[in-house]
Amino acid sequence: MTKQEWKNKTAVTEFILLGFGNGPELDSLIFLMFLLIYIVTITGNIFIILLMVADRPLHTPMYFFLGNLACLEICYSSNILPRMLLSYLGGDRSISVNGCFTQYYFFGCLAAAECYLLAAMSYDRYLAVCKPLHYPSQMNGKLCLQLGGASWISGFLSNSILTFLISNLDFCGPNEIEHFFCDSFPIIKLSCSNTHVAGLVISLVAGVCSLPPFLLTFSSYIYIIITVMRIPSTTGRKKAFSTCSSHLIVVILFYWSILFVYVLPHHDTQISLNKIFSVFYTILTPLVNPLIYSLRNKEVKEALQKQKNKFLAFLGLLSVKKKG
């Protein structure tokens, strides 16, 4: 299409998020399902943050990263699910162009930050399991802050490039996004500009943000597994594997879905599959992370019991004061 023909078309001012393409009869069921997921996700992650702040024995590098992850998951879910819930509740699935770009910007920033943060967490576990004698000196407070800060900053910087690139495309034709949130490839598919360069840059940046952290994470767990296999005690091996295997499953699901959606070549037949894989890293991962990374840990269970006892003691004290 020539530039003159673009000028003859009306610029798009809003997009329509088609969601999962379900009928009106399923809207209430889907709304309730995602509302429950959102409530559990926010409650679980906030609970983890409060527990880690309140309990001093949890003030360690591992739980510092877990606290960052919980905070990230809260932002992640809140960027996507409330908008989706409103669309199912009121039936209005429109979103302004600027609102769409804003949602994509924060989604991309948080997704990239999670990739780096998971890599930092895997490196922390590698040092703890494979080099326990050097762990206290190497994984000190300064390094924790540097790794945590670098994860957040790198994520926000990397997606700034893509958001700027996409926001400068022309949109003058169809405005229906075949997705449940504003994502890069569904958006550029609607552009009447030449999107070949934009598509390549998106795949390149996605690869840079996901492949190196994935390789670092995967390599760390390979070394961890090898080290654990050398533990003579069967009980010790089972204890180590019970934690590492759960972490590794979540990491693989997260990276696998991201690599499938953003790095592999795109075809029209992939649209439905992309939605399914997007659910894994946008909705399910923030939901299960508090369970997988925290609530199964012995230290967290002990901290939870300790805070429960404090709360019961506080209630008992109040009861005594009232009787007095």
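Fair warning: this is a prediction, and the values are worked out from it, not measured in the lab. (Residues numbered from 1 in each chain as written. Predicted model: local features only at pLDDT ≥ 70, side-chain atom pairs only at ≥ 80, totals over all residues. Heavy atoms only, no water.)

**Describing the overall build of the protein**
Working step 1: If you tally the helices and strands in the protein, you get 11 helices and three strands.
Working step 2: Ordered by position in the sequence, the α and β elements of the protein form the string α-β-α-α-β-α-α-α-β-α-α-α-α-α.
Working step 3: Considering the protein as a whole, with its 324 residues, one finds that 45% of them fall into the buried category.
Working step 4: In the protein, of all internal contacts separated by at least 6 residues, the share reaching a separation of at least 24 is 79%.
Working step 5: For the protein, the exposed area adds up to about 16,800 Å²; of that, 69% sits on carbon and sulfur atoms. (Helix = DSSP H or I, 4+ residues; strand = E, 2+ residues; numbered from the N terminus. Buried < 20%, exposed > 50% of the residue type's maximum accessible area, 1.4 Å probe, protein only. Contact = heavy atoms within 4.5 Å. Areas by Shrake-Rupley, 256 points an atom, 1.4 Å probe, with all protein chains shown as cover.)

**Quick notes on the state of the cysteines**
Working step 1: Here the structure, examined in full by the defined rule, presents two disulfides.
Working step 2: A sulfur-sulfur distance of 2.0 Å marks the disulfide that ties C172 to C192. Of this pair, C172 sits in the loop between α6 (141-167) and β3 (176-177) while C192 sits in the loop between α7 (184-188) and α8 (196-229); the two residues are 20 residues apart in sequence, bridging distant segments of the chain.
Working step 3: A residue is classified by how much of its surface remains accessible, and C172, at 10% relative accessible area, is buried. (Disulfide = S-S within 2.5 Å.)

**So, empty space enclosed by the protein**
To find the voids left in a structure, one rolls a probe of water-molecule size over its atoms.
Working step 1: In this structure the tally under the stated criterion is four cavities of 30 Å³ or more.
Working step 2: The calculated volume of the largest cavity comes to roughly 220 Å³.
Working step 3: Along the walls of the largest cavity sit 19 residues, with G108, A111, A112, N159 and A206 positioned nearest its centre.
Working step 4: Among the elements of the structure, α4 (97-130), α6, α8 and α9 (234-262) are those that each provide at least two residues to the lining of the largest cavity.
Working step 5: With six residues, α4 is the largest single contributor of residues to the lining of the largest cavity.
Working step 6: For the lining of the largest cavity, the class distribution of residues is 13 nonpolar, five polar and one charged. (1 Å grid on protein atoms, 1.4 Å probe; cavity = no way out; pocket = protein on both sides within 12 Å on 5 of 7 lines; lining within 4 Å. Points joined across faces, edges and corners; volume = space filled by probe spheres on them. Nonpolar A, V, L, I, M, F, W, Y, C, P; charged D, E, K, R; others polar.)

**Regarding the UniProt feature "transmembrane region" (unreviewed entry) in the protein**
Working step 1: Under the local residue numbering, the UniProt record ascribes the feature "transmembrane region" (unreviewed entry) to residues 29-51, 63-81, 101-123, 143-166, 200-226, 247-264 and 276-295.
Working step 2: This span, residues 101-123, is 100% helix and 0% strand, and a straight line between its end C-alpha atoms measures 33 Å. (UniProt positions renumbered as here; feature names shortened; annotations may be inferred.)

**Description of the pairing of strand β1 (residues 14-17)**
Working step 1: Burial along β1 is one-sided: the face carrying F15 and L17 is buried and the face carrying E14 and I16 is not.
Working step 2: Pairing analysis gives three bridges linking β1 to strand β2 (residues 94-96), with the strands arranged antiparallel. Note on β2: the bridge partner recorded for F15 is I95.
Working step 3: Summarising the sheet, β1 and β3 pair through two bridges and their orientation is parallel. Considered in β3, the bridge of L17 is made with I177. (Pairing = 2+ DSSP bridges.)

**Considerations on the packing of aromatic side chains**
Working step 1: This structure, assessed with the given rule, holds 16 aromatic pairs.
Working step 2: With a centroid separation of 5.8 Å and an interplanar angle of 20°, the aromatic rings of F214 and F218 are classed as stacked. Highlighted residues: F214 and F218, both in helix α8, separated by four residues, approximately one helical turn.
Working step 3: Taking relative accessible area as the criterion, F218 reaches 37% and is therefore assigned partly exposed.
Working step 4: Aromatic ring contacts, followed pair by pair, group Y76, F107, F180, F181 and Y281 into a single cluster.
Working step 5: The aromatic ring of Y88 is capped on one face by R93, whose charged end is 4.6 Å from the ring centroid. (Phe/Tyr/Trp six-rings, centres within 6.5 Å; stacked < 30°, edge-to-face > 60°. Lys NZ or Arg CZ within 6 Å of the ring centre and 35° of its normal.)

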